[in-house]
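Descriptive structure summary
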Amino acid sequence: MNILLLGSGGREHAFARKIKTSLKVDQLFIAHGNVGTKNYGINVALNPFNFDEIKRFVIANNIKMVIAGSEETLVKGIHDYFINDKELRNIVVIGPEKKAAMLEGSKDFAKSFMNRHNIPTAKHKTIYPESLQNGLEFLKSLTPPYVIKADGLAAGKGVLICKTFEEAESELSQILLHSKFGDAGCKVVIEEFLKGIELSVFVITDGVSYKILPTAKDYKRIGEGDTGLNTGGMGAISPVSFANEAFLEKVEKKIIIPTIKGLVDDQISYKGFIFIGLMNVNGEPYVIEYNVRMGDPESEVVIPRIKSDIVELFEGIANSNLKDKTIEIDERFAATIMLVSSGYPEEYKKGKEISGLNNVKDCIVYHAGTIDSENNTAILTNGGRVLAVTAFGETLKEALDTAYCNVDKISFDGKYYRKDIGKDLLNYYDV
Ligand code: AMP
Ligand code: GLY
C-alpha cells in the first residue's frame, strides 16, 4: 500500500520511521517532510491545506492511506473532503473529521463536551466581547492564578496564566476587544487553575473501541525549572512514573471511556489519535485539553515504544475492527531532548550547519527543523526546534544519560537545550 504522511516535524520523522518498518507499506510519501523523513520515503512539496492539490497527488500515486500529522489540516476538514469526494471516499484518512477536530479547534466546544459527558475538567465559563462583564464577575469568584484561553487555534500561544486580577482583566480585554489572537480569540474560556502535575495520555480509536498508548510528559517552557516562554516542547519522557496502574485505571474509567462514549452519543465519528492533556490533582485526573493528533515531542518517545505494526493498527482504525488488534509496547523508558535554535520561541536564525550527527550512538536522532544545503553537502538548521535526540534505558536515568551524552556530540551555532528534562521524575523511580 502507498501512504501519504502530512507534516514536517520530529513527530512526522517518528511516524515515518515507524511506518517504514511495516511490511504493508510499498511507498511512503511525506509532505513536505525534512532531512530525516527522506530516509524512509519520498519528501514531496505539497501544501497540506490545498486539498485539491493533495487529491491530484493521491490519485496519481495510488495512495491508499493519508495520515494527518498536525491538527490544522484536520480542523480545516481534510477528512471530510475525502469522504465527500467520490474518487477519494475509499481512501483511509487517519485523523478525525472536522466536527470531532473541534475538540482541539475550540476550547469552548471541548469544555461543553466534557461537561455534557461528566468528564472531570477545570470549572470554566465562556466569555464573548458582549459578556466581558460576566467574565470579570467569574474571575472574581476564582482565586489566582487565572487561566485564560483563546477559543480557537493560536499556534500554542493562546493560553495565558495570569498572576493577578488586573493582568487577567487586561488580557481579557486585549483578546476580546483588541483581537490579540485574531479570530481565535473571538471568544475566551476562563478556567479555574488546577494545581498538580501534568502528563499526557494517548489513545487511538476507530470511534467505538480504543487502545491506550504509552503515557508521556513533555516540558513546555524554554527555561530550566519550567521557566520562561512556552514552546512547542523542549523534551519528553515515557512512561510517566506517577501514572501507576491505579491512576491509569481512573484515567480510563473517568476520562477515556466517557470520551469515547460521548463521541458515540453525540454521533461524532472519530478515527484517529486522541491526545489527552491531564493534570493529576492529588491523585485525581482532570482534562486540561484534548488534541486530535499526536504530540510533538511526545511522539518521539511514544511511537518508538510501540512494537506492533502501526499500519495494521491504522487499518484497525479505518475498518472499525481495532478491538481485534493487539498492541505491544516496549517496557523500557524513553527520553528525548530537543535541540533548538538560540532565540526560540522568539526570533532565531536559520541556515546553521549541523555537525556531529555521525558520532551519535545508541540514540535515534529525529529531525524537526532541518534542510539540506543547496549543494547537498551539509545539513542546515531550518526551524526553532531542530533535532530531537531519543534514547532508551532500563531506567529513566539510563535513558536520560544516554540521550544527554549524545546531545553533546551534535553541534550547530546557537544550539540550546534544557538540561533538566525528566529530572523532576527521577525520584519516582528505582534509580
Ligand atoms: P493547553 O494549551 O490548554 O494545553 O494549555 C497550555 C498549558 O497551560 C498546559 O499545558 C498547562 O500547563 C497550562 N494550563 C492550561 N489549563 C490549565 C488549568 N486549568 N490549570 C492549570 N494549568 C493550566
Ligand atoms: N507537545 C505538545 C503538543 O504537541 O501539543
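The following refers to the structure shown. (Residues numbered from 1 in each chain as written. Chains lettered and ligands numbered in written order. Predicted model: local features only at pLDDT ≥ 70, side-chain atom pairs only at ≥ 80, totals over all residues. Heavy atoms only, no water.)

Okay, the packing of aromatic side chains next. For the structure on display, the rule yields 11 aromatic pairs. Look at phenylalanine 15 and phenylalanine 273: their rings are 5.5 Å apart centre to centre, the planes differ by 65 degrees, and that puts the pair in the edge-to-face class. Taken together, the residues phenylalanine 15 in helix 1 (residues 10–19) and phenylalanine 273 in strand 16 (residues 272–281) connect sequence positions 258 residues apart. Neither residue differs from the other here; phenylalanine 15 and phenylalanine 273 are each classed as buried. Here the basic side chain of arginine 332 rests over the ring of phenylalanine 392, its NZ or CZ set 4.3 Å away from the ring centre. Lying across the ring of tyrosine 417, lysine 419 places its NZ or CZ 4.7 Å from the centre. (Phe/Tyr/Trp six-rings, centres within 6.5 Å; stacked < 30°, edge-to-face > 60°. Helix = DSSP H or I, 4+ residues; strand = E, 2+ residues; numbered from the N terminus. Buried < 20%, exposed > 50% of the residue type's maximum accessible area, 1.4 Å probe, protein only. Lys NZ or Arg CZ within 6 Å of the ring centre and 35° of its normal.)

In this section: the pattern of salt bridges. Counted according to the given criterion, the structure contains 28 salt bridges. One salt bridge connects arginine 293 with glutamate 71, and the closest N-O pair in it is separated by 3.0 Å. With arginine 293 in the loop between strand 17 (284–291) and helix 10 (299–302) and glutamate 71 in helix 3 (residues 71–75), this residue pair connects regions lying 222 residues apart in the sequence. For glutamate 171, the salt bridge goes to lysine 180, with nearest N and O atoms at 2.7 Å. In this structure lysine 180 comes out as partly exposed when scored by relative accessible area, which is 37%. Residues participating in the shared-partner salt-bridge network are Lys55, Asp85 and Glu87. (Salt bridge = Lys/Arg side-chain N within 4 Å of Asp/Glu carboxyl O.)

What follows deals with the layout of surface pockets. Taken as a whole, the second largest pocket encloses approximately 410 Å³ of empty space. If you trace the second largest pocket, you find 18 residues lining it, with Leu213, Pro214, Thr215, Pro239 and Leu248 closest to the centre. At six residues, helix 9 (residues 245–265) tops the list of elements feeding residues into the lining of the second largest pocket. (1 Å grid on protein atoms, 1.4 Å probe; cavity = no way out; pocket = protein on both sides within 12 Å on 5 of 7 lines; lining within 4 Å. Points joined across faces, edges and corners; volume = space filled by probe spheres on them.)

Take the side chain of asparagine 291 next. With respect to the helices, strands and loops of the structure, asparagine 291 is situated in strand 17. At 3.4 Å, the side chain of asparagine 291 forms a polar contact with the side chain of arginine 293. When neighbours within four sequence positions are excluded, asparagine 291 is seen to be in contact with Glu104, Tyr270, Phe273, Ile274 and Phe275. (Polar contact = N/O pair within 3.5 Å; in protein donor to acceptor, adjacent residues only side chain to side chain. Contact = heavy atoms within 4.5 Å.)

Sheet faces and side chains relate simply in a regular strand, where the side chains alternate between the two faces. Relative to strand 17, strand 16 runs antiparallel, the two being bridged by seven bridges. Note that in strand 17 the partner of asparagine 280 across the bridge is proline 285. Counting the residues in the hairpin turn of strand 16 and strand 17 gives two residues, including asparagine 282, whose phi is positive at 50 degrees. (Pairing = 2+ DSSP bridges.)

With that settled, consider the site of ligand 1. By nearness alone, 15 residues border ligand 1, and Lys149, Glu191, Leu194, Glu198 and Glu289 come closest of all. In this structure, an oxygen atom belonging to ligand 1 sits 3.1 Å away from a side-chain N or O atom of lysine 220. In isolation ligand 1 offers 470 Å² of accessible surface; the protein chains occlude 88% of this area. Within the residue set of the shell around ligand 1, elements represented by two or more residues are strand 7 (146–150), strand 8 (159–162) and strand 17. (Near = heavy atom within 4 Å. Areas by Shrake-Rupley, 256 points an atom, 1.4 Å probe, with all protein chains shown as cover.)

Here we come to the site of ligand 2. Near ligand 2 the following residues occur: Asp218, Gly232, Phe275, Arg293, Gly295, Asp296, Pro297 and Glu298. The side chain of arginine 293 places a nitrogen or oxygen atom 2.9 Å from an oxygen atom of ligand 2. Contact distances for ligand 2 include 3.0 Å between an oxygen atom and a backbone N or O atom of aspartate 296. Considering ligand 2 on its own, with 200 Å² of exposed area, one finds that the protein chains cover 88% of that surface.

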